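# Commentary on secondary and tertiary structure
Residue strings, one per chain:
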Amino acid sequence: MTKGQTTSLATGASSPETPNAPRLTAPALRALKGRRKIAALTAYDAPTAALLDAAGVDLLLVGDSIEMVVYGAPDTLGATLDRMVAHAKAVSGAAKRALVVGDLPYLTYHTTPEEAVRNAARFVVEGGCRAVKLEGGVQRLPMIRAILSAEIPVMGHLGLTPQSVNALGGFKVQGRRATEARRLLDEAKKLVDAGIFALVLECVPADVAARITEAIPVPTIGIGAGAGCDGQILVFHDLVGLTVPGARTPRFVRRYADVGEIVRKAAADYVADVRSGSFPSEAESFASDPVDPADAAPVVLYAAGVQRR
Ligand code: KIV
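Residues numbered from 1 in each chain as written. Predicted model: local features only at pLDDT ≥ 70, side-chain atom pairs only at ≥ 80, totals over all residues.

### Some remarks on the overall build of the chain
Let me state the cut-off plainly: Working definition: helices are DSSP H or I runs of at least four residues, strands are E runs of at least two. Numbering for both runs from the N terminus. Exposure is read from a count of other C-beta atoms within 10 Å of each residue's own; the residue is exposed at 12 or fewer, buried at 20 or more and partly exposed in between. C-beta atoms are placed from the backbone. Each residue is represented by a C-beta atom placed from its backbone, and any two residues with such atoms within 7 Å are regarded as in contact.
Scanning the chain from terminus to terminus reveals 12 helices and 10 strands. Within the chain, buried positions represent 39% of all 309 residues. Restricting the contact set of the chain to residue pairs at least 6 apart, pairs at least 24 apart contribute 56%.

Right under this line is the structure:
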């Protein structure tokens, strides 16, 4: 460990002041349960990943939410593995410490365990991820076991699973009724028994998420699931307000910046400067050389019998 570094080797955790800390692994992230809260965000590109990593974010999820917040789709169902893997490569190349997790898109792990392994492995081999996430409960157990047997750590995802939006009838809070809450707890335990290292709980009542958190030995990472979870995750674009004007913000989002307004104003100022002719200035332009060096110093190659100016 270098001088001044405060990294815990047991957990792999470090502070933003220790940018050279070792990368967090899935086991190290799992070991954070009960020690400190986990801060996770989505990331889809290299510069954003580098900034979030330097800020101390523990886990960067290359989420299929990219389909909505970057590609403008109404849901996540159109996300393709090729595209997700390309974005994963950008993120994992830029993140020095955070655990980068690839989010398996719809229909890449729903058919057979073999197909699930092949697709999950692309995130590792081509995308540089150290783990994958997939949505769903008991129906996914064979795929989770198969991916784990290929030595790829798996993060689960229960509650509102956006890839099930059509089956669920919309983006709705899950687990409000006692029977649903019991089913969520039961599924969480089964995913843990299968070997997941962490569990995303999305849009689950806070008391239900807290009960699940207490009942399982792996960290729960909540999004719209209250403060009782072991960690939190938000979609980066929601966090910084990088959304189109008038877009609806989910109630569980806390907005830490208004980047959308900053971008809009910067672009409007640019348009005005171009139209008025004040951009570019002289300092933002290049000048030609007053004397061409070729004119000033002719080179004569007598030996070769060639004369060149
Ligand atoms: O795709 C995504 O961004 C996610 C998070 C909301 C957990 O799955």
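Moving on, there is more to tell.
### Here's the deal with the sheet that holds strand β5 (residues 154-159)
Note: strands within a sheet are paired through backbone hydrogen bonds, in either parallel or antiparallel orientation. Where we set the bar: Pairing between two strands requires that DSSP report at least two bridges joining them. Where helices are involved, their axes are fitted lines through C-alpha atoms of the stretch in contact, as for all axes, and angles between N-to-C directions lie from 0 to 180°.
In space, the eight strands of this closed barrel follow the order β1-β2-β3-β4-β5-β6-β7-β8, with parallel pairing throughout. When strand polarity is set aside, the average angle formed by the axes of neighbouring strands in this sheet is 25°. Here strand β2 (residues 59-62) pairs with strand β3 (residues 99-103) via four bridges, running parallel. Bridging from a neighbouring strand, Leu59 pairs with Leu99 of β3.

### Here we look at the site of the ligand
Threshold: In this entry, near means the residue's backbone-placed C-beta atom lies within 6 Å of the molecule or strand. Only Asp, Glu, Lys and Arg are considered charged in this grouping, and only Ala, Val, Leu, Ile, Met, Phe, Trp, Tyr, Cys and Pro are considered nonpolar; every other residue, Gly among them, is considered polar.
In the vicinity of the ligand, the contacting residues are Thr42, Leu61, Gly63, Asp64, Ser65, Asp103, Val200, Glu202, Ile223, Ile233 and Val235. Broken down by class, the residue content of the shell around the ligand amounts to five nonpolar, three polar and three charged.

### Some words on the pairing of β5
The condition that has to hold: When the strands point away from the viewer, a crossover counts as right-handed if the path from the first strand over the helix to the second runs clockwise.
Of all the six residues making up β5, six are buried; the element is thus mostly covered by neighbouring parts of the structure. Alternating residues of β5 divide into Val154, Gly156 and Leu158 and Met155, His157 and Gly159, and every residue in both groups is buried. The sheet contact formed by strand β4 (residues 131-133) and β5 spans two bridges and is parallel. Counterpart to Lys133 in the pairing with β5 is Met155. On the question of chirality, the crossover connecting β4 to the parallel β5 by way of helix α6 (residues 141-149) is right-handed. Where β5 lies against strand β6 (residues 198-202), five bridges are found, and the strand directions are parallel.

### Considering the environment of Ala227
In this fold, Ala227 is placed in the loop between β7 (220-223) and β8 (231-234). On the basis of neighbour count, Ala227 is assigned to the exposed category, with 10 C-beta atoms found within 10 Å. For the pair Ala227 and Ala206, spaced 21 residues apart in sequence, the C-alpha separation works out to 7.0 Å.

### Details of helix α2 (residues 46-54)
Keep this limit in mind: Starting at the helix axis, one direction is taken to each C-beta atom, and the arc is that of these directions.
If you check which residues of α2 are buried, you get Thr48, Ala49, Leu52 and Asp53. Here the buried residues of α2 occupy an arc of 130° about the axis, which is enough to place them on one side. Buried positions along α2 lie against β1 (38-42), β2, α4 (81-94) and α10 (236-240). One or two residues past the end of α2 sits Gly56, with phi positive at roughly 95°.

### As for the nonpolar core
Nonpolar side chains tend to gather and get buried jointly when the protein is soluble and globular. What counts here: We call a set of buried Ala, Val, Leu, Ile, Met, Phe, Trp, Tyr and Cys residues a nonpolar core when their C-beta atoms link them within 7 Å.
Grouped together as the largest cluster of nonpolar side chains are 74 residues, with contacts concentrated most on Leu60, Val132 and Leu199. Per-element accounting of this core gives the leading share, six residues, to α4.

### Comments concerning α4
Using the following cut-off: Given a helix with a known number of residues, its expected span is that number minus one, times 1.5 Å.
A rise of 1.5 Å per residue sets the reference length of α4, with its 14 residues, at 20 Å; its end C-alpha atoms lie 20 Å apart and thus fit the reference within 8%. Where α4 is concerned, the buried positions are Leu81, Met84, Val85, His87, Ala88, Val91, Ser92 and Ala94. Buried-residue contacts for α4 involve α2, β2, α3 (66-69), β3 and α5 (113-125).

### Here's the deal with the environment of Val117
Note on placement: Val117 falls in helix α5. The sequence separation of Val117 and Leu148 amounts to 31 residues, and the corresponding C-alpha distance is 8.5 Å. Among residues more than four places away in sequence, those in contact with Val117 are Ala146, Ile147 and Ala150.

### Observations regarding unusual backbone geometry
Here Phe279 and Pro280 are connected by a cis peptide whose omega angle stands at 0°. For Pro280, the location among the structural elements is in the loop between α11 (259-276) and α12 (293-296). Non-glycine residue Leu107 carries a positive phi angle of around 70°. As for its position among the elements, Leu107 is in the loop between β3 and α5. Using a count of 14 C-beta atoms within 10 Å as the deciding quantity, one classes Leu107 as partly exposed. One non-glycine residue, Glu151, adopts positive backbone phi at about 70°.

### Focus on the packing of α2 against α4
To be explicit about the condition: Here a crossing is taken to be left-handed if its near helix is turned anticlockwise relative to the far helix by less than a right angle, and right-handed if that turn runs clockwise.
Look at α2 against α4: their axes get within 8 Å of each other, and the N-to-C directions meet at 35°. By crossing handedness, the relation of α2 to α4 is classed as right-handed. When α2 is examined against α4, the residues Ala46, Ala49, Ala50 and Asp53 are found in contact with a partner set consisting of Ala90, Val91, Gly93 and Ala94. When its residues are assigned to classes, the contact of α2 with α4 shows six nonpolar, one polar and one charged.

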